[in-house]
Structure formats: structure tokens, C-alpha cells
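Reading the structure
The primary structure of each chain is shown beneath.
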Amino acid sequence: MVDVTPQQIAEFWVDEVGPEGWYKASDALDAQIRERFGSAWQAAHAGDLHDWCCDAEGSFGFLILTDQFPRNMFRDDPRAFDTDVLARTACKMAIDRRWDMAVPEPQRQFFYLPLMHSENLIDQDRCVRLMVDRMPGTGAENLRHARAHREIIREYGRFPYRNKALGRMTLPREKEFLETGGYGRILQALSAAEAD
């Protein structure tokens, strides 16, 4: 039995953690997420929480639980990506129903991040379009990150920085990418291009 609700997940992520903490690595936050939401993530992983995905609020909580929380709970561990397929399926359904538009910016971005985390170029293209079309107020920074992720998938077909956690062999081109600034270098190049 799951002892948390999608609403409690949303309140924690939006009100307690907030935008300033969403993308900062913090051992304390990671431990708090594991303690408070680890059992709910296990239930989602087992396929027990699909009934959450019946409206905007439930889908938002499900996406935080399956896409964001495992990246905190399992840093540098393959389990960080174990529920990505569930998150992508849920986000596509929610987007098709326009439930994302019922959630204000900036938290609306979490409906699109499962696509940004995908190692599939079609998903990447869709994420960029959604950032342009559906994040008009706060989308500039998110759009830059979406374009950076897409550029990596275009170039390498996968995210080389996941290779170690997933037990994948790193190819010579990927090794060079990682050793010459990796994601940060691509983000910097996009920022410079935007400034021109």
C-alpha cells in the first residue's frame, strides 16, 4: 500500500524543494526523497500506480515520482533510469490530453522532461517543440537545455555520461566528448550562439 498521494509529491517538489533546488545535487535532499518516497517509487516501478494518471494533478505527481525522483535517489546507479519508460508513456498521454496546460509554469516543464531524458531523437524533437509552444513564460532556459540534449542524441545516439552507470562501453568519440567539457560545453556553445 502506498502511503503518499500525487498531491503530496507535488507539494513537496513545488513548495518545499522549489525551482532553486530542482537541479542542484544535494545528498541531504536525495536522502530525504529516498526516505519519503522510495516505497512509492517501488510501487510505480512494479506497475501499481497507473491509476494516478487520470488527470493533470495525478499525472504531475506520477511524472515527478518516475522521472525526477529516481535521478535523485539513485545517482550514478542504473536504477536512476528504471522508470523512464513509465514516465515517457505517462507524459505522452498527458500531453495528448493537454493536461500539461493545466499546470502553471515553471512546473509545467516536468511534463516534457521525460522526453528530454529519452535517447530517442523523435522524443527530443518533440521536447524542443513543446518548450517553444507551451512554455512561453519561462521556457528560454529550458529550451536551451532541451536543444543541448537533442544535440547530444543527434551526435551520439545516446547520452555518453550514462555509459558508466548502465555498464555500456564508451566509444572513442564519446570519451573525447566527456573529456572536453561534455554537456556543459554544448550548453555554452548554444548560449554563445543565442547571444550573437
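Cut-offs applied
- Residues numbered from 1 in each chain as written.
- Predicted model: local features only at pLDDT ≥ 70, side-chain atom pairs only at ≥ 80, totals over all residues.
- Heavy atoms only, no water.
- Phe/Tyr/Trp six-rings, centres within 6.5 Å; stacked < 30°, edge-to-face > 60°.
- Helix = DSSP H or I, 4+ residues; strand = E, 2+ residues; numbered from the N terminus.
- Buried < 20%, exposed > 50% of the residue type's maximum accessible area, 1.4 Å probe, protein only.
- Lys NZ or Arg CZ within 6 Å of the ring centre and 35° of its normal.
- Domains from an automatic or database assignment.
- Contact = heavy atoms within 4.5 Å.
- Buried area = accessible area lost by both parts, 1.4 Å probe.
- Polar contact = N/O pair within 3.5 Å; in protein donor to acceptor, adjacent residues only side chain to side chain.

**Some points on the packing of aromatic side chains**
The tally for this structure, following the rule as stated, stands at 14 aromatic pairs. Judged by centre distance (6.0 Å) and plane angle (75°), the rings of F12 and F69 are edge-to-face. A residue pair is termed long-range when its members are at least 10 positions apart, and F12 in helix α1 (residues 6–17) and F69 in helix α3 (residues 56–73) qualify at 57 residues. The same class applies to F12 as to F69, namely buried. Among the aromatic residues, those joined into a cluster by ring pairs are F12, W13, W22, Y23, F37, F60, F69, F110 and F111. Here the guanidinium or amino end of R97 rests over the ring plane of W99, the centre of that ring lying 5.7 Å away.

**Considerations on unusual backbone geometry**
The amide bond that connects E105 to the next residue, P106, takes the cis arrangement and shows omega of 5°. Tracing the chain through its elements places P106 in the loop between α4 (84–96) and α5 (113–116). Located in the positive-phi region is D76, a residue other than glycine, with phi close to 60°. Tracing the sequence through the fold places D76 in the loop between α3 and α4. Backbone geometry places R98, a non-glycine residue, at a positive phi of 60°. Its location among the elements puts R98 in the loop between α4 and α5.

**Brief notes about the domain arrangement of the chain**
For the chain, the assigned domains are domain 1 (1–117) and domain 2 (119–195). For domain 1 and domain 2, the distance between their C-alpha centroids amounts to 21 Å. Counting from both sides, the interface comprises 22 residues of domain 1 and, opposite them, 21 residues of domain 2. Counting each side, the surface lost to burial between domain 1 and domain 2 is near 1,800 Å², with a carbon and sulfur contribution of 58%. Looking at the side of domain 1 facing domain 2, the largest losses of area belong to E105, L115 and M116, adding up to 36% of the total buried there.

**Some words on the side chain of R108**
Inspection of the secondary structure assignment puts R108 in the loop between α4 and α5. Taking relative accessible area as the criterion, R108 reaches 9% and is therefore assigned buried. Engagement of the side chain of R108 in a polar contact is seen with the backbone oxygen of D100, the distance being 3.3 Å. What R108 contacts, discounting residues up to four positions off in sequence, is D100, M101, V103, R134, M135 and P136.

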